[in-house]
Amino acid sequence: MAKRTARAAPPDLTIETEEELPRKSRMERMLDVVERVGNRVPHPVVIFVMLIGILIVLSHVFYLFGAAAAFQTIDPETEELVDNTVAAQSLLTADGFRFMFTGVVDNFMSFTAVGVIIVAMLGVGVAEEAGLVRALIHKLVLVAPRKLMTYILVFIGILSSIAADAGYLVLIPLAAAAFLSLGRHPLAGLAASFAGVAAVFSVNILIKPLDGILTGITNDAIHILDPSRSIELTANFWFSVASVILLTVVVSLITEKIVEPRLGEYTGERPPAVSDDEGMSAEESRGLRYATWAILATLAVFALLTLLPGAPLRNPETGSILADSPFMNGLIVFVTILFLAAGWAYGFGAGTMRSAVDAINAMEKAIRGLAGLIFLLFVISQFLAFFTYTNLATLAAVSLGDLLEGAGLNALTLLIGFVFVVAILDLIMTGAIPKWAIFAPVFVPLLMRLNVDPEAVLAAYRVGDSPVNAISPLNAYFALIVSFAMKYDPKAGVGTVIALMLPYVVVLFVVWTLLLAVWHLAGLPWGL
């Protein structure tokens, strides 16, 4: 009898264990599969080397078949309509071999993401090593309601597009650290912030440099059909404001209802917990006070260099601060100087940095941590340069545009179809300006003939161009996000990030497209 009792115990224990473990939903199991499959693929460097090999073969196949396309595009610099004819270029011809061999260094040096990341990390590295980042998180915990933390970080992420790439480099790691300090999973914070920065990139409640370029291209497309009509820089203002508010809520709910429950409790190494019950230490308070003075002093210097008439950081020809000005073109330098000054001042006030050598050591440490990422970006830069050389992305864009144009759809269906085409192409052509330069001369006049406002076409482009940014490996900062994730989960890979971001991409795409359709059907004003 004793033996039978002993044998009966394990099944009981198994049943109790199964009852204690919550069953995963179908969606969670699907995302787990996506993560496992994605993480089983080779190292990202190997993936892009393989893609280069595939691209070389495909370029020659399309070249042999004589793939070509004729289309009109708008030159963003001259704002003139230009007739273009492109043909597939093979990387296996003599010219192709010469391009691959002689362009390696230029391809890497012209890949702006590399320089942006290195320059930004100089300032961020000092701020992090000095303890400024942790102090800011502590302060945020003290002043912000915990229930609103996700919403605050997502909203700031969406607004960060005004500062170009700063959101990727500063806000995303900060959000992960903030979640960790609150006892939440850091990858949930990373995902929420990444969704705000990348998947809602094209809208803002503020006017940003990209708006000026997109508006200019749109006006040139309008003039093909109606030379007397133009739209303003604020043509999508109301739609953008509504999008920011709605998508802040949507992204936050996805984080708290889908992403965070799937991740479960974080079991990795945790820093000392930051409690909203404990105040700032004397050292932290003094450091933050010094950092505030440093920030104000930096802002005052840049105000003198930018705001005064004829200031050196204004556009020397137009006097503009936003449109093609030295200030906006060098915005990442401004962000770096701001973090460098604030970080060093905080370190001096809090006693965590005693000399300039400490700041230099912090910068060196930050750059050393980028070694693997820089090598990956080197390989990615070659792939993107080769891809551009073959003209395959342009051929795909023109072919998809022609297919949709000839489908004979009504205005609303065509508008939604346009969103889908832009989203599909965004997987291989992530730049917002090149795609719009190709699509605007086709779809703006086409939809205007169907009594659709050009503002609506531009809004549709914004919807299609954003969500897929969060899962496209060709996003210049996707590899950086993977490296951020590996800080908290050494086993994280491409699959981890894609599985994290896929719920955002799907839900945002559906919700945002529905908002676009409702806005169009209701005849609401698109902007000012």
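Everything quoted here is computed from the prediction, not taken from an experiment.

Chemist: Is there a simple way to explain the packing of helix α19 (residues 411-426) against helix α20 (residues 432-449) in this structure?
Modeler: Packed helices, taken two at a time, are described by the angle their axes make and the gap between the axes. At a minimum axis distance of 12 Å, the contact between α19 and α20 shows a crossing angle of 170°. By the angle between their axes, α19 is roughly antiparallel relative to α20. Between α19 and α20, the residues in contact are Ala 411, Leu 414, Leu 415, Phe 418, Val 421, Val 422, Leu 425 and Asp 426 and Lys 435, Trp 436, Phe 439, Phe 443, Leu 446 and Leu 447, respectively. For the contact of α19 with α20, the per-class residue count stands at 12 nonpolar, no polar and two charged.

Chemist: Before we go on, may I ask you to explain the environment of Ile 207 in this structure?
Modeler: With respect to the helices, strands and loops of the structure, Ile 207 is situated in the loop between α10 (186-199) and α11 (209-225). Linking Ile 207 and Ser 355, residues 148 residues apart in sequence, is a C-alpha distance of 40 Å. Among residues more than four places away in sequence, those in contact with Ile 207 are Ile 162, Leu 233, Thr 234 and Leu 322.

Chemist: Which parts of the structure should I look at to understand the nonpolar core?
Modeler: The nonpolar side chains of soluble globular proteins are, as a tendency, buried together. Of all hydrophobic cores here, the largest spans 166 residues; its most connected members are Phe 418, Trp 436, Phe 439, Met 501 and Tyr 504. Ignoring sequence-local partners within four residues, the contact set of Trp 436 consists of Leu 214, Ile 217, Thr 218, Phe 418, Pro 441, Val 444, Val 457, Leu 458 and Tyr 461.

Chemist: Teacher, can you tell me more about unusual backbone geometry here?
Modeler: You will see that Asn 391, though not glycine, has its phi angle at about 70°, which is positive. Within the secondary structure, Asn 391 is located in the loop between α17 (371-390) and α18 (392-405).

Chemist: It is not clear to me how the packing of aromatic side chains should be interpreted in this structure. Could you clarify?
Modeler: Think of a pair of aromatic rings as described by two things: how far the centres are apart, and how the planes are tilted against each other in angle. Under the definition given, this model contains 24 aromatic pairs. Residues Phe 99 and Phe 386 carry aromatic rings whose centres are separated by 6.1 Å and whose planes lie at 65° to one another, so their mutual orientation is edge-to-face. In this pair, Phe 99 sits in helix α4 (residues 94-102) while Phe 386 sits in helix α17, placing the two residues 287 residues apart along the sequence. By relative accessible area, which is 22% here, Phe 99 ends up partly exposed.

Chemist: Got a minute to help me understand the packing of helix α8 (residues 149-159) against α10 in this structure?
Modeler: The interhelical angle for the contact between α8 and α10, taken along N-to-C directions, is 30°, at an axis separation of 7 Å. Classified by the interaxial angle, the pair formed by α8 and α10 is roughly parallel. In the packing of α8 onto α10, the handedness of the crossing is right-handed. Residues Thr 150, Val 154, Gly 157 and Ile 158 of α8 form the contact with α10, whose own contacting residues are Ala 192, Gly 196 and Val 197. In terms of residue class, the contact of α8 with α10 is built from four nonpolar, three polar and no charged.

Chemist: Would you explain the environment of Leu 81 in this entry?
Modeler: For Leu 81, the position within the fold is in strand β2 (residues 81-87). Along the sequence, Leu 81 and His 223 sit 142 residues apart, while their C-alpha atoms lie 9.6 Å from each other.

Chemist: Which parts of the structure should I look at to understand a nonpolar patch on the surface?
Modeler: Taken together, the side chains of Leu 51, Ile 54, Val 57, Leu 58, Val 61, Phe 62, Tyr 63, Leu 64 and Phe 65 define a hydrophobic patch exposed on the protein surface, amounting to about 860 Å² of accessible area. With respect to the element layout, Phe 65 can be found in the loop between α3 (44-64) and β1 (68-74).

Chemist: Just to check I follow, could you spell out helix α15 (residues 331-350) for this structure?
Modeler: Note on helix geometry: an α-helix contains 3.6 residues per turn, so any two residues three or four positions apart are oriented the same way. Under the 1.5 Å per step criterion, the end-to-end length of α15 is 28 Å for 20 residues, consistent within 8% with the ideal 28 Å. Gly 351 occupies a position one or two residues after α15 and carries a positive phi of about 80°.

Chemist: When you look at the pattern of salt bridges in this model, what are you seeing that I'm missing?
Modeler: Side-chain pairs of opposite charge can arise where the charged atoms are in close proximity. Under the definition given, this model contains nine salt bridges. With a shortest N-O distance of 3.4 Å, Arg 229 and Asp 453 are connected by a salt bridge. Here Arg 229, found in the loop between α11 and α12 (237-263), pairs with Asp 453, found in the loop between α20 and α21 (454-465); they are 224 residues apart in sequence, far enough to count as distant. Close ionic contact of Asp 465 with Lys 435 constitutes a salt bridge, the shortest N to O distance being 2.7 Å. Taken as a pair, Asp 465 in helix α21 and Lys 435 in helix α20 lie far apart in primary sequence, 30 residues in all. Accessibility assignment for this pair places Asp 465 and Lys 435 in one class, buried. A single salt-bridge network, built from bridges that share partners, covers Arg 184, Glu 256 and Glu 260.

Chemist: Just to check I follow, could you spell out helix α7 (residues 132-143) for this structure?
Modeler: Counted at 1.5 Å a residue, the expected span for α7 with its 12 residues is 16 Å, and the 16 Å between its end C-alpha atoms agrees. Of all the residues in α7, the buried ones are Leu 132, Val 133, Ala 135, Ile 137, His 138 and Val 141. On its buried face, α7 sits against α6 (112-130), α8, α9 (166-181), α13 (282-306) and α15.

Chemist: I'm lost on the confidence of the model for the protein chain in this one. Help?
Modeler: Do not read the fine detail of predicted coordinates wherever pLDDT is low. Counting all residues, the mean pLDDT for the protein chain is 84, and 92% of those residues have values of 70 or more. This model gives residues 1-19 a pLDDT under 50, and the stretch forms zero contacts once residues within four places in sequence are excluded.

Chemist: How do you make sense of the side chain of Asn 475 when you look at a structure like this?
Modeler: Position of Asn 475 relative to the elements: it lies in the loop between α21 and α22 (478-488). One polar contact links the side chain of Asn 475 to the main-chain carbonyl oxygen of Asn 469, over a distance of 3.0 Å. Setting aside its immediate chain neighbours within four residues, Asn 475 contacts Tyr 168, Phe 194, Ala 198, Thr 430 and Asn 469.

Chemist: What exactly am I supposed to notice about the side chain of Thr 513 here?
Modeler: Looking at the secondary structure, you find Thr 513 in helix α23 (residues 494-522). Once you skip the residues sitting within four places of it in the chain, Thr 513 turns out to touch Ile 416, Val 419, Val 463 and Leu 508.

Each value, and the rule that gives it
- Residues numbered from 1 in each chain as written.
- Predicted model: local features only at pLDDT ≥ 70, side-chain atom pairs only at ≥ 80, totals over all residues.
- Heavy atoms only, no water.
- Axes fitted to C-alpha atoms, helices over the stretch in contact; angles between N-to-C directions.
- Helix = DSSP H or I, 4+ residues; strand = E, 2+ residues; numbered from the N terminus.
- Parallel < 35°, antiparallel > 145°, perpendicular 65-115°, else oblique.
- Contact = heavy atoms within 4.5 Å.
- Nonpolar A, V, L, I, M, F, W, Y, C, P; charged D, E, K, R; others polar.
- Core = buried A, V, L, I, M, F, W, Y, C linked by side-chain atoms within 4.5 Å.
- Buried < 20%, exposed > 50% of the residue type's maximum accessible area, 1.4 Å probe, protein only.
- Phe/Tyr/Trp six-rings, centres within 6.5 Å; stacked < 30°, edge-to-face > 60°.
- Left-handed = near helix turned anticlockwise from the far one by under 90°.
- Patch = residues over 30% accessible without salt bridge, like charges linked within 9 Å, V, L, I, M, F, W, Y side chains within 5 Å.
- Areas by Shrake-Rupley, 256 points an atom, 1.4 Å probe, with all protein chains shown as cover.
- Salt bridge = Lys/Arg side-chain N within 4 Å of Asp/Glu carboxyl O.
- Expected span 1.5 Å × (residues − 1).
- pLDDT = per-residue confidence, 0-100.
- Polar contact = N/O pair within 3.5 Å; in protein donor to acceptor, adjacent residues only side chain to side chain.

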